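# Working through the structure, step by step
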Amino acid sequence: MICSIIVVCKDNLFEVKTTLFSIFNEKKINDDIEVLIIDDSVNKDIEVLIKSFQTENIHYFRGDGISLYSAMNIGIKNSQGKYLWFLNSGDKKSGNFNFDLLTSENSDIIYGNTNYCLNNRIVRKQLRPGFKLLKTDQLNNFLPCHQSMLFRRQFVIKNKIEYDVKLKISGDYKFIETLINFGATILYIPITISEFSLGGISNNYKNLKQVISHAKEIKDTRKLSKLEFLILAIKLCRKLQF
């Protein structure tokens, strides 16, 4: 099994279909990959959809309702692939990315380029992103998109690395930082891996309280100064939705 694609979802059937169809490309799913759906939905629409597929490569799991990152941990624990790929519901696999590229690779982290999309339109392309955990890179979104990163499962399991379920939006960064602290090897491949759908919780804030809460979380995980925290909070306020 080359790759385990972990899709976390909650009451968003349309977005789940979007992600799955980008993987299947209207063809039978590749026998060398598996898709794990971790569902925290109230209704059973997504469960019914997944069970309608006539393939053993799609696995459905109920989430525990704790958090997004808890659901991602459920995906890790139930995966079998050589690499883990966290593709959120609504995000798409790029047509340029071929799973066969992973067959001969053994780097602990593989990453590539990303198309950022809004309303099914590409609004920005992230090409050859850097991989330095510098504050300036973090605050200006210069780091690789999490949806365009794959993690070698054996390295993750061996070092008992999980997502921090107490975090709301910074779990991705904390996960990557932990991998690097354990000595993960990193490989960049010059192709577009995913199409990231803008509009999630870190791109649309409903009130000032949510902005401050998330800014504080980023401050703590990135060890920002008071001035850097203030600058960050002002930037996040631009994403407020009234």
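Here, every reference points to the structure presented above.
Below is a summary of the structure that appears in this document. (Residues numbered from 1 in each chain as written. Predicted model: local features only at pLDDT ≥ 70, side-chain atom pairs only at ≥ 80, totals over all residues. Heavy atoms only, no water.)

## Side note on the overall build of the protein
Along the protein, the regular secondary structure elements total eight helices and nine strands. Taking all 242 residues of the protein together, 50% fall into the buried category. Surface accessibility of the protein: about 12800 Å² in total, with carbon and sulfur atoms responsible for 52%. (Helix = DSSP H or I, 4+ residues; strand = E, 2+ residues; numbered from the N terminus. Buried < 20%, exposed > 50% of the residue type's maximum accessible area, 1.4 Å probe, protein only. Areas by Shrake-Rupley, 256 points an atom, 1.4 Å probe, with all protein chains shown as cover.)

## Section: helix 1 (residues 13-24)
For helix 1, with 12 residues, the first-to-last C-alpha span of 16 Å sits near the 16 Å given by 1.5 Å per residue. Those residues of helix 1 hidden inside the fold are in contact with strand 1 (3-9), strand 2 (33-39), helix 2 (45-51), strand 3 (58-62) and strand 5 (92-93). (Expected span 1.5 Å × (residues − 1). Contact = heavy atoms within 4.5 Å.)

## Quick look at a nonpolar patch on the surface
A cluster of nonpolar residues, L227, L230, I231 and I234, forms a patch on the protein surface that exposes about 390 Å² of accessible area. Here I231 lies in helix 8 (residues 226-237). (Patch = residues over 30% accessible without salt bridge, like charges linked within 9 Å, V, L, I, M, F, W, Y side chains within 5 Å. Salt bridge = Lys/Arg side-chain N within 4 Å of Asp/Glu carboxyl O.)

## Side note on helix 6 (residues 171-181)
The α-helix winds at 3.6 residues per turn, so residues separated by three or four positions along the chain end up facing the same way. Turning to helix 6, its buried residues are G171, Y173, F175, I176, E177 and L179. Just past helix 6, the residue G183 takes up positive phi, approximately 90°.

## Quick notes on the pairing of strand 1
Most of strand 1 sits out of view: seven of its seven residues are buried. Side chains C3, I5, V7 and C9 project from strand 1 onto one buried face, and the interleaved S4, I6 and V8 project onto a second face that is buried too. Here strand 1 runs beside strand 2; their pairing, made up of seven bridges, is parallel. Residue pairing across strands places C3 opposite I33, the latter belonging to strand 2. (Pairing = 2+ DSSP bridges.)

## Let's talk about the nonpolar core
Counting residues in each nonpolar core, the largest one holds 27 residues, and the members touching the most others are C3, I5, I37, W85 and L102. Where this core is concerned, the elements lending two or more residues are strand 1, helix 1, strand 2, helix 2, strand 3, strand 4 (83-86) and strand 9 (186-197). Residues in contact with W85, not counting those within four places in the same chain, are C3, S4, I5, I6, K93, F97, F99, Q147, M149, L150, I193 and S194. By size, the runner-up hydrophobic cluster in this structure holds 26 residues, among which are F86, I109, F151 and V156. (Core = buried A, V, L, I, M, F, W, Y, C linked by side-chain atoms within 4.5 Å.)

## What to know about the packing of aromatic side chains
Under the counting rule described, the total for this entry stands at 12 aromatic pairs. Here the aromatic rings of W85 and F97 are separated by 5.3 Å at their centres, their planes lie at 85°, and the arrangement is edge-to-face. Taken as a pair, W85 in strand 4 and F97 in the loop between strand 5 and strand 6 (109-118) lie far apart in primary sequence, 12 residues in all. By relative accessible area, W85 is classed as buried at 0%. (Phe/Tyr/Trp six-rings, centres within 6.5 Å; stacked < 30°, edge-to-face > 60°.)

## Remarks on unusual backbone geometry
With phi around 65°, N120 is a residue other than glycine that occupies positive phi space. Mapping N120 onto the fold places it in the loop between strand 6 and strand 7 (121-126). The class for N120 is exposed, based on a relative accessible area of 69%. Of note in the backbone geometry, R128 takes a positive phi value of approximately 45° without being a glycine. For R128, the position within the fold is in the loop between strand 7 and helix 4 (135-139).

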